[in-house]
Amino acid sequence: VVSEGLAAVVIVPERELFGYIDKTGKQVFPNLYFADTQFSEGLAWVWDRESQRYGYIDKTGKLVIKLEQNWNGDSFHEGLALVRMGGNKQGFIDTTGKLVIDLGEEYDEAFQFQEGLARVRKDKSYGFIDTTGKLVIPCEYTSCYEDFSEGLVPAKKGEKWGYIARDGKSTFDF
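Digging into the overall build of the protein
Now for step 1: Looking only at helices and strands, the protein features zero helices and 16 strands.
Now for step 2: Among the 174 residues that make up the protein, the fraction classed as buried is 41%.
Now for step 3: Of the contacts formed within the protein by residues at least 6 apart in sequence, a portion of 24% connects residues at least 24 apart.
Now for step 4: Working note: accessible area of the protein is about 9,500 Å², and carbon and sulfur atoms make up 47% of it.
Now for step 5: Each charge class in the protein can be summarised by its mean position, and for the 21 positive and 28 negative side chains these summaries are 1 Å apart.

Considerations on the packing of aromatic side chains
Between two aromatic rings, the relevant description is the distance of the centres plus the angle of the planes.
Now for step 1: Taken as a whole, this structure holds six aromatic pairs when the rule is applied.
Now for step 2: Judged by centre distance (5.0 Å) and plane angle (5°), the ring pair of W45 and Y54 falls under stacked.
Now for step 3: With a relative accessible area of 24%, Y54 lands in the partly exposed category.
Now for step 4: Centre to centre, the rings of F128 and F148 are 4.8 Å apart; their planes meet at 65°, and the pair counts as edge-to-face. Of the two residues, F128 is situated in strand 13 (residues 125–129) and F148 in the loop between strand 14 (135–141) and strand 15 (152–157); the sequence distance between them amounts to 20 residues. Across the pair, F148 and F128 agree in class, each one buried.
Now for step 5: We note R119 situated over the ring of F111; from NZ or CZ to the ring centre the distance is 3.8 Å.

Some details on the pairing of strand 13
Now for step 1: Among the five residues of strand 13, five are classified as buried, and the element is accordingly described as predominantly covered.
Now for step 2: Of the two faces of strand 13, the one lined by S125, G127 and I129 and the one lined by Y126 and F128 are each fully buried.
Now for step 3: With five bridges joining them, strand 12 (residues 117–122) and strand 13 adopt antiparallel strand pairing. Among the inter-strand pairings, R121 is bridged to a residue of strand 13, identified as Y126.
Now for step 4: Between strand 12 and strand 13, which pair antiparallel and follow one another directly, the connecting turn spans two residues, one of which, D123, has a positive phi of 60°.
Now for step 5: Here three bridges tie strand 13 to strand 14, and the two strands are oriented antiparallel to one another. Residue I129 lies in a different strand from strand 14, and its bridge partner there is L135.
Now for step 6: Turn length for the strand 13-strand 14 hairpin, with the two strands adjacent in sequence and antiparallel, is five residues, and the turn residue G133 shows positive phi of about 95°.

Procedures and definitions
- Within any chain, residue numbers begin from 1 and follow the written order of that chain's sequence.
- In view of the model being predicted, local features appear only for residues whose pLDDT reaches at least 70, and side-chain atom pairs are presented and counted only at 80 or more, with totals across whole chains, interfaces and linings using the full set of residues.
- Here the side-chain values reflect all heavy atoms present in the structure, with hydrogen atoms and water set aside.
- The secondary structure listing takes helices from DSSP runs of H or I that are at least 4 residues long and strands from runs of E that are at least 2 residues long, numbered from the N terminus.
- When accessible area is computed with a 1.4 Å probe and restricted to protein chains, residues below 20% of their type maximum are described as buried, those above 50% as exposed, and intermediate ones as partly exposed.
- Contacts were defined at the residue level, with two residues in contact if any of their heavy atoms lie within 4.5 Å.
- For every accessible area listed, the method is Shrake-Rupley and the probe measures 1.4 Å; residues are considered covered only by the protein chains on display.
- We count Lys and Arg on the positive side and Asp and Glu on the negative side, and we leave His and both chain ends out.
- Lysine's charge is taken at NZ, arginine's at CZ, aspartate's at CG and glutamate's at CD.
- Stacked, edge-to-face and tilted labels apply to pairs of Phe, Tyr and Trp rings (six-membered ring for Trp) whose centres lie within 6.5 Å, assigned for plane angles under 30 degrees, over 60, and everything in between, in that order.
- Note on criteria: charge over ring means Lys NZ or Arg CZ within 6 Å of the ring centre, with the direction from the centre no more than 35 degrees off the ring normal.
- At least two bridges found by DSSP between two strands are what make those strands a pair.

Note that every value here comes from positions in space, so none of it alone points to a role or purpose.
Given below as structure tokens:
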């Protein structure tokens, strides 16, 4: 898949090393990492075999963010990337690698930001946090497997489905 003009391809199959090519098929930088992730906001999440850590590379192939030992990350969305810090600890880093939202073990699962909000799951219910980490839509929805799109997200409460607006109001009576 081409993302931001680059695509990850296997360059050395026996070592599972990936490199990135441009739209013309030209290799953009050497195959240094184990990764097949897409670029998002100018960065791609990779496994650096040399340091034995996950991190993020820029479009030149330079490792610009080295995550802490045992941390695992996702792609950047709206300037933030979800990181899992071992156990149930999770949070969000900015594009400099600074942990800006530390969720600790407050939630069982967190998802990427979309339209300024990130979905979180606590026990078996979903809600949403804002970019400061504040819970702005309570974890009271039994199913919510998508992110906001055009200001709405589908959600289930009890046995009824409806849409939640970014301000937490439902567009249908649950």
